[in-house]
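Single-letter residue listing:
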Amino acid sequence: MQKIFIIMALALSLAACKDDEESANNKESAIRGLKTVLIQESERSTIRRFPSVLQPASVSALSFEVAGKLREVDLKVGQQIKRGDIIAEIETTSLELSVENSEAAVTLARATSENAADNLERQEKLLVNGSVTKVSVDNARTDAITANAQLVQAEKNLETAKENLTKAVLKAPFDGIINTLDVDSFSTINAGSPIATIYAADTFEVSFSVNYDTVSQLTVGKRAKVRLADNPSIVLDAVVSELGSRADTVSSFPIVVTVVETDPSIKAGMAVEVSFEFKIPTGSGFPVPLSASIKEGQIERQEKVNDPSPMGIFVYDPETSTVKERQVMVAGVRENSLLVVEGLSVGERVASAGVSFLRDGLKVKLLPDSE
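One structure accompanies this document, and this report is about it. (Residues numbered from 1 in each chain as written. Predicted model: local features only at pLDDT ≥ 70, side-chain atom pairs only at ≥ 80, totals over all residues. Heavy atoms only, no water.)

### Some details on the packing of aromatic side chains
Here is step 1: One pass over the full model with this rule turns up 6 aromatic pairs.
Here is step 2: Ring geometry for Tyr199 versus Phe204: centroids 6.1 Å apart, planes at 65 degrees, classification edge-to-face.
Here is step 3: Note on Tyr199: relative accessible area 5%, which makes it buried.
Here is step 4: Phe204 gets classed as buried once you look at its relative accessible area, which sits at 2%. (Phe/Tyr/Trp six-rings, centres within 6.5 Å; stacked < 30°, edge-to-face > 60°. Buried < 20%, exposed > 50% of the residue type's maximum accessible area, 1.4 Å probe, protein only.)

What follows is the structure, encoded as structure tokens:
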């Protein structure tokens, strides 16, 4: 009997040891793995981005200076053209007839003027002989002056008719792209009626609006970057060319940025993102991922854009292998990182994933940076 009790005691002891071992193993496996980012460098500037649309820097409206009937217009919107290329032509029949009529008018006016001049000369000779009165001479002089003025007018009309004939062809003033086409082939147009608009393919700009805090930090000539939304790998240099001193809407100031670089693939109407680099007011900040924020990247809005804002994060404590909740101050964004200007030091590790599952003092297992 005594042996039976001893055997049962040994069995219970072994079972208890096994339970303790399984409990320890379960506790070890329950420790959450922690992915962190090492704080080891600082940034001295933030990046702010503004969406907009690429626009031609200048659009030229083309029109005829004379009226007439168009010939066939062989153009398409988006078509590239070279300086001197023919945009449109007007039928020249009526213009040529106007030149012929003006030439005939000049011939008639010249003959009339010559006759009037000869008559004046005769009247002046007869006045010397006493054959005519001074009134007759005065009348002849008036006729000569009038006839000469009519000749000058006829010659001017001929010059205008010839010049109008040269204006029957509308040519491109520079290399560009057809932006709009406002007429149909064989239609009758008036002088000054819009025919087409073109823009230079190598000069673009971007316009958008910013708040007062941002516009107060901008100056004409400040550098910017323009990134194509459809192809983010294309980033072009740009500068601020215009600053609106008056808000177009409530606390919204218009800005114009001129692109100083070009690329064969860019076209007017493309969606773009304009970015400016601003210095951090406090000097520098440590970049941490957006995912490090306890509030999933949301930070409190301050009265001014430049004021640092509080944000909660978890910092890894290597001595206790736990995470500690800490409030830091964020001064802006650079690339895809928040810039922490207060509350962190070089060498510390910040939780960068699974933040919503952490709590202050939670035991964790630090994962290698490569995982």
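Moving on from the coordinates now.
### Section: the environment of Gly354
Here is step 1: Looking at where Gly354 falls in the secondary structure, it is placed in the loop between strand E21 (349-351) and strand E22 (364-366).
Here is step 2: Accessibility expressed as a relative area gives 37% for Gly354, which makes it partly exposed.
Here is step 3: In this structure, the C-alpha to C-alpha distance between Gly354 and Gly33, residues 321 residues apart in sequence, is 9.4 Å. (Helix = DSSP H or I, 4+ residues; strand = E, 2+ residues; numbered from the N terminus.)

### Regarding helix H2 (residues 93-129)
Residue pairs three or four apart in sequence face the same way in an α-helix, which turns once every 3.6 residues.
Here is step 1: Its 37 residues give H2 an end-to-end C-alpha distance of 55 Å, which sits within 8% of 54 Å, the value for a rise of 1.5 Å per residue.
Here is step 2: Inspection of H2 places Leu95, Val99, Ser102, Val106, Ala109, Ser113, Ala116, Leu120 and Gln123 among the buried residues, and these make up the whole buried set.
Here is step 3: In this structure, the buried residues of H2 make contact with helix H3 (134-166).
Here is step 4: Among the residues trailing H2, Gly130 stands out with phi positive, at a value near 80 degrees. (Expected span 1.5 Å × (residues − 1). Contact = heavy atoms within 4.5 Å.)

### Things to note about the pairing of strand E15 (residues 253-259)
Here is step 1: A large share of E15 lies buried, amounting to 6 of its 7 residues.
Here is step 2: For strand E12 (residues 204-210) and E15, the ladder comprises 7 bridges, and the chain directions are antiparallel. Bridging across to E15, Val210 finds its partner in Phe253. (Pairing = 2+ DSSP bridges.)

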